[in-house]
Amino acid sequence: MRLHPPSVVVFSGSSNRPLVQEICNHLGISPGPMDIRRFSDGEIYCRPMMHIRGKEVFVIQSTNGGSENIIELLIMIDALKRASAEKITVVVPYFGYARQDRKTKSRESIAAKMMANIIQTAGATRFMSIDLHAGQIQGFFDIPSDNLTAALLFKNYFLSKHLEHPVIVSPDMGGVERAKVLSRMLHCDIAVCQKNRTETDKVDSIHLIGEVQGKSAILMDDIISTGGTLCKASELLMEKGAKEVYACISHGLFVSDCLEKMNSSVFTEIVVTNSVDHPREFLQTCPKLKILSVAPLIAEAIFRICMNMSLSEVFDDISGPTLFKDHQLPE
Ligand code: R5P
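The shown structure was predicted, so the numbers you read here are calculated from the model rather than taken from an experiment.

K.L.:
Teacher, can you tell me more about the packing of helix 1 (residues 17-27) against helix 9 (residues 295-306) here?
P.N.:
Packed helices, taken two at a time, are described by their axes: the angle between them and the distance between them. Contact geometry of helix 1 with helix 9 gives a least axis separation of 9 Å together with a crossing angle of 55°. As judged from the angle between their axes, helix 1 and helix 9 are oblique. Taken as a pair, helix 1 and helix 9 cross one another with a handedness that is right-handed. Where helix 1 abuts helix 9, its residues Leu19, Glu22, Ile23, His26 and Leu27 lie against Ala295, Pro296, Ile298, Ala299, Ile302 and Phe303. A class-by-class count of the residues in the contact of helix 1 with helix 9 yields 9 nonpolar, 1 polar and 1 charged.

This is the structure:
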C-alpha cells in the first residue's frame, strides 16, 4: 500500500507513536514532521514542520488519560487548520470520555458529546475511531464519522485457535451488539452478563443469561480499565461450567493493579489491541496478554478515504482479496 506523499500527510500525536509508525509503514510513507513541545509551565506547543496548504492530512492520537492527549490533539488540529490543510481527518483509535455518553443521574455532564464538539470546533473535517463505547457516539459529530471495529482481528485470531465450542459473552447489557457482531462472524451463540455497579469503578453483582456449560467462553468488551468487570464475569463463567475463558478487548487501559489481577485470573488468554500504547516491559509482566495490531485496519481505512473508495468492506465480515493488502496509489 503506498500513498502519494505530496498530497497526503499522516501526523502523529505523542500518545501512540509506535502505532502511527506501523500505520505509515503499511502506507509506504513516513509520519509528517510535527514539533510538539511543552512550555515550562506545562502548556503544549504544536507546529507542523512542513507546508500543508491544500493537502489532505490525517492526525492520529488516542485520547486516553485525563487531559494531556486530548488537549495536544486539539492544538495539532488548530495548527493544521490555520496552516490551510484542505481536509483534516482526526483518527482517534481510543476515544476517551466515551463512557460519559448520556446522563444516568441528574446534573451529570455528557462529556463524550462535549469532546466531539471541541474536536469539530478545532477544525476536524472527518472523524474516525475504533469500537466507540456506544455506536451512537458517531451521531455526536456533524462531520462524517466512522467507527471501525477490531472484531475482524478477533475473528481471525480465534478462528486460528480452532476452538471446539466457542460462545461469545458480553460482560454487560451495553456490549450485546458488539458481541453479536463477533458471534455472527464465528457462527456461534452469545451469552450476556448482567452487572450492577454502585460506584463508577466497582462491580457489585453479576448474573448470566445464556448457556456456557462445556464451552470455550470468549468475553468481549470495548475497554479493560481496572479489570474488575472481566474478572467478575470470568469467575461467573467458570462457576457456570465453562471449559475455559478467553477475553478480547478493543482498548487496554490497564489502570492500577489490572495486570496483576489478570495474572491471577482464570483467563486462559487476554487478547487486546494496541490502540492504547504501553511500555513493552509493563505488558510483559502479564504473559497471558496477546496484543493484536490495529495498524492494518487503520491503514486500510486511510487508504480508502484518500482514494474515495468504499469503507464498508473494512466494517463488514469479509476479508476479500484487497483487504489489508498493499495498494499502489496512482501518481
Ligand atoms: C463499561 O461500560 C465498559 O464497557 C467496560 O466494561 C468497563 O469500562 C471496564 O472497566 P473495568 O475494567 O474497570 O471494570
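Back to the text.
K.L.:
Help me understand the nonpolar core, please; the structure alone is not making it clear to me.
P.N.:
One broad rule of soluble globular proteins: the nonpolar side chains tend to lie buried together. Core analysis: the biggest nonpolar cluster contains 46 residues, and Ile23, Phe154, Phe158, Ile298 and Ile302 have the highest contact counts within it. Excluding anything up to four places from it in sequence, Ile298 contacts Leu19, Ile23, Val91, Pro93, Met128, Ile130 and Leu148. Judged by nonpolar contacts, the second largest core, of 34 residues, contains Val57, Val92, Leu132 and Phe140.

K.L.:
I'm lost on the site of the ligand in this one. Help?
P.N.:
Taken together, 14 residues surround the ligand, and among them Asp221, Asp222, Thr226, Gly227 and Thr229 come closest. Contact distances for the ligand include 2.6 Å between an oxygen atom and a side-chain N or O atom of Thr226. A distance of 2.5 Å separates an oxygen atom of the ligand from a polar atom in the side chain of Thr229. For the ligand, the accessible surface in isolation is 380 Å², of which the surrounding protein chains cover 92%. At the level of elements, strand 9 (189-199), strand 11 (216-224) and helix 6 (228-239) are the ones that each hand at least two residues to the shell around the ligand. Of the residues assigned to the shell around the ligand, the class counts are 2 nonpolar, 6 polar and 6 charged.

Conventions used here
Residues numbered from 1 in each chain as written. Predicted model: local features only at pLDDT ≥ 70, side-chain atom pairs only at ≥ 80, totals over all residues. Heavy atoms only, no water. Axes fitted to C-alpha atoms, helices over the stretch in contact; angles between N-to-C directions. Helix = DSSP H or I, 4+ residues; strand = E, 2+ residues; numbered from the N terminus. Parallel < 35°, antiparallel > 145°, perpendicular 65-115°, else oblique. Left-handed = near helix turned anticlockwise from the far one by under 90°. Contact = heavy atoms within 4.5 Å. Nonpolar A, V, L, I, M, F, W, Y, C, P; charged D, E, K, R; others polar. Core = buried A, V, L, I, M, F, W, Y, C linked by side-chain atoms within 4.5 Å. Buried < 20%, exposed > 50% of the residue type's maximum accessible area, 1.4 Å probe, protein only. Near = heavy atom within 4 Å. Polar contact = N/O pair within 3.5 Å; in protein donor to acceptor, adjacent residues only side chain to side chain. Areas by Shrake-Rupley, 256 points an atom, 1.4 Å probe, with all protein chains shown as cover.

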